[in-house]
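# Structural characterization, general
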Amino acid sequence: MKQQIVNFLQTVFPFLITVALWRLSAPWINPSGILAIIPIFYCSFIRPVPYFAPFAMLICFLIDYKFNTVLMWTVFYCLFYVVINLQTVIDLTHTNRDGVYAFMGFVGTVILMLVASHLSIANIVSGAVMFSILVIMYIPITTTIQAVQDD
């Protein structure tokens, strides 16, 4: 019985940490729950979790809702998901450093498009801070996910 509970918690941990990071939003550290993009990216592309893609699209939509962007994260996630899964050249499951460079490209592109849509000094600083926080928090969050999922 104890092993079944442990297996269940290991299975649902990516879902739980994604919801927790989305709910724990703070103005500068985690605006609109943007840190939830980390487990979404990691559990969808680097270490795929079964049945995570529909959940990830829902959370991306909720991030868009809180962020007041019109489906920006959701569309970009779906586009990235299709591109990664329909080709055989790029395999993100075997990248170095848990795919931090791929994550930087994914997040950097969206943040750059958001900043460019309303170009101002405040948006540039906000985008740089958001990008920095996401990249800095990527390794601890992915390491936590790995530690929980490994037996």
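See above for the structure.
Below, the structure is looked at part by part. Predicted model only: the values in this text are computed from it and were never measured.

### Examining the overall build of the protein
Across its full length, the protein holds 6 helices and 0 strands. Starting at the N terminus and walking to the C terminus, you meet the elements of the protein as α-α-α-α-α-α. By the compact-globule yardstick of 15 Å for 151 residues, the protein fits well, its C-alpha radius of gyration being 15 Å. Counting across all 151 residues of the protein, residues that qualify as buried make up 40%. Here the analysis covers contacts within the protein between residues at least 6 apart in sequence; of these, 70% occur between residues at least 24 apart. Total accessible area on the protein is roughly 8700 Å²; 71% of this is exposed by carbon and sulfur atoms.

### Concerning the side chain of Thr18
Checked against the element boundaries, Thr18 lands in helix α1 (residues 2-23). In this structure Thr18 comes out as buried when scored by relative accessible area, which is 0%.

### Examining the nonpolar core
Of all hydrophobic cores here, the largest spans 43 residues; its most connected members are Ile37, Phe41, Trp73, Phe106 and Leu134. Of all the secondary structure elements, the ones that give two or more residues to this core are α1, α2 (37-46), α3 (52-67), α4 (72-86), α5 (100-117) and α6 (121-149). Contacts of Phe106, omitting those with residues within four sequence positions, involve Ile37, Phe41, Trp73, Phe76, Tyr77 and Phe80.

### Topic: a nonpolar patch on the surface
A grouping of Trp28, Ile29, Leu119, Ile121, Ile124 and Val125 is seen on the molecular surface, where their side chains present a nonpolar patch of about 680 Å² in accessible area. Mapping Val125 onto the fold places it in helix α6.

### A closer look at the side chain of Asn30
Looking at the secondary structure, you find Asn30 in the loop between α1 and α2. Here Asn30 falls in the buried class, since its relative accessible area comes to 2%. Here Leu35 takes part through its backbone nitrogen, which lies 2.8 Å from a polar atom of the side chain of Asn30. If sequence neighbours within four positions are ignored, Asn30 has contacts with Leu21, Leu24, Ser25 and Leu35.

### Topic: α3
Taking 1.5 Å of rise per residue, the 16 residues of α3 would be expected to cover 22 Å, and the 22 Å separating its terminal C-alpha atoms lies within 8% of that figure. Along α3, the positions that sit buried rather than exposed are Phe52, Ala53, Phe55, Ala56, Ile59, Cys60, Ile63 and Asp64. Residues of α3 that are buried make contact with α1, α2 and α4. With its phi angle positive at about 65°, Asn68 sits one or two positions after the end of α3.

Rules behind the numbers
- All residue numbers refer to position in the chain's written sequence, counted from 1.
- Local features are withheld for residues below a pLDDT of 70 in this predicted model, meaning they are given only at 70 or higher, and side-chain atom pairs are given and counted only at 80 or more; totals for whole chains, interfaces and linings count all residues.
- Calculated side-chain values reflect all of the structure's heavy atoms, with hydrogen atoms and water omitted.
- What counts as a helix is a DSSP run of H or I of at least four residues, what counts as a strand is a run of E of at least two, and both are numbered from the N terminus.
- With C-alpha atoms as the basis for the radius of gyration, the globule rule is written as 2.2 Å multiplied by the number of residues raised to the power 0.38.
- Three exposure classes are used, based on accessible area relative to the maximum for each residue type with a 1.4 Å probe and protein chains only: buried under 20%, partly exposed in between, and exposed over 50%.
- Note on contacts: a residue pair is in contact if any heavy atoms of the two residues lie within 4.5 Å.
- Residue burial considers only the protein chains on display, and all accessible areas are found by Shrake-Rupley using a 1.4 Å probe.
- For the purposes of this section, nonpolar cores are sets of buried Ala, Val, Leu, Ile, Met, Phe, Trp, Tyr and Cys residues that join through side-chain atoms within 4.5 Å.
- Only residues whose relative accessible area exceeds 30% and that form no salt bridge enter a patch; like-charged residues are grouped when within 9 Å of one another, and nonpolar side chains (Val, Leu, Ile, Met, Phe, Trp, Tyr) when within 5 Å.
- Whenever a carboxyl oxygen of Asp or Glu lies within 4 Å of a side-chain nitrogen of Lys or Arg, that contact is scored as a salt bridge.
- Residues adjacent in sequence count toward polar contacts only when both atoms are side-chain atoms; beyond that, a polar contact is any pair of N or O atoms within 3.5 Å, and within protein one must be able to donate a hydrogen and the other to accept it.
- To estimate the expected span of a helix, subtract one from its residue number and multiply by 1.5 Å.

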